[in-house]
Amino acid sequence: MSRKEAKTKFPVARIKKIMQADDEIGKVAQVAPMLVSKSLELFMISLVQASVDQAQEKGHRKVLPGHVKLAVENNEQFDFLADVMEKYPNIAD
């Protein structure tokens, strides 16, 4: 995949800067921030789609934090977000 083909939604330069902010990380290969950017994009698509599905199941047209919370609770791939989502209210049935 050439550089022109590899389009990402998240800024690769900013991701590289964040990666290099860690003192333990020296040089970062050119492809690494691009892979992180694409991975982040795919993760966000997955989380947003799961949240939209929860909103639709509840008959809502707008995705609320509670829908994201339900998506996290109902999908084990998002388990690592459970602690973060505790502070948001549940969606009333």
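To be clear, the structure that these remarks concern was listed above.
Residues numbered from 1 in each chain as written. Predicted model: local features only at pLDDT ≥ 70, side-chain atom pairs only at ≥ 80, totals over all residues. Heavy atoms only, no water.

Peer 1: Which residues make up a nonpolar patch on the surface, and what are the values?
Peer 2: Together, L40, M44 and V48 line one region of the surface with nonpolar side chains, adding up to about 220 Å² of accessible area. Position of L40 among the secondary structure elements: in helix α2 (residues 31-57). A residue is classified by how much of its surface remains accessible, and L40, at 33% relative accessible area, is partly exposed. (Patch = residues over 30% accessible without salt bridge, like charges linked within 9 Å, V, L, I, M, F, W, Y side chains within 5 Å. Areas by Shrake-Rupley, 256 points an atom, 1.4 Å probe, with all protein chains shown as cover. Salt bridge = Lys/Arg side-chain N within 4 Å of Asp/Glu carboxyl O. Helix = DSSP H or I, 4+ residues; strand = E, 2+ residues; numbered from the N terminus. Buried < 20%, exposed > 50% of the residue type's maximum accessible area, 1.4 Å probe, protein only.)

Peer 1: Could you give me a rundown of the packing of aromatic side chains, with the residues and numbers involved?
Peer 2: Counted according to the given criterion, the structure contains 2 aromatic pairs. Aromatic pair F43 and F78: ring centres 5.8 Å apart, planes at 75 degrees, arrangement edge-to-face. Pair noted here: F43 is in helix α2 and F78 is in the loop between α3 (65-74) and α4 (82-85), with a separation of 35 residues, a long-range link. Overall, the relative accessible area of 26% leaves F43 in the partly exposed class. Considering the side-chain rings of F43 and F80, the 5.9 Å spacing of their centres and the 40 degrees angle between planes classify their relative orientation as tilted. Pair noted here: F43 is in helix α2 and F80 is in the loop between α3 and α4, with a separation of 37 residues, a long-range link. Counting every residue linked through ring pairs, the aromatic cluster contains F43, F78 and F80. (Phe/Tyr/Trp six-rings, centres within 6.5 Å; stacked < 30°, edge-to-face > 60°.)

Peer 1: So what's going on with the environment of E86? Residues and values would help.
Peer 2: Mapped onto the secondary structure, E86 falls in the segment after α4. Put simply, E86 and G66 are 20 residues apart on the chain and 9.9 Å apart in space, counted from C-alpha to C-alpha.

Peer 1: Before we move on, can you summarise α2 with the specific residues and values?
Peer 2: In this model, α2 (27 residues) spans 39 Å end to end at C-alpha, consistent with the 39 Å of a helix rising 1.5 Å per residue. Buried positions along α2 lie against α1 (12-20) and α3. Of the residues one or two after α2, G59 is the one with positive phi, at around 80 degrees. (Expected span 1.5 Å × (residues − 1). Contact = heavy atoms within 4.5 Å.)

Peer 1: Describe the environment of V52, with residues and values.
Peer 2: Examined against the element boundaries, V52 turns out to sit in helix α2. Placed 21 residues apart in sequence, V52 and V31 show a C-alpha to C-alpha distance of 32 Å.

Peer 1: For the side chain of S51, give the residues involved together with the corresponding values.
Peer 2: Mapped onto the elements of the fold, S51 is located in helix α2. S51 sits in the buried class, given a relative accessible area of 3%. Those residues within four positions of S51 in sequence are excluded, and the remaining contacts are V63, H67, V68 and A71.

Peer 1: Go over the pattern of salt bridges, please, and point to the residues and values.
Peer 2: Pairing of side chains with opposite charge becomes possible as their charged atoms draw close. Applying the stated criterion to the full structure yields 1 salt bridge. Notably, a salt bridge pairs E41 with K38, separated by 3.6 Å at the nearest N-O pair. In this pair, E41 and K38 both sit in helix α2, 3 residues apart, roughly one turn of the helix. With a relative accessible area of 35%, K38 lands in the partly exposed category.

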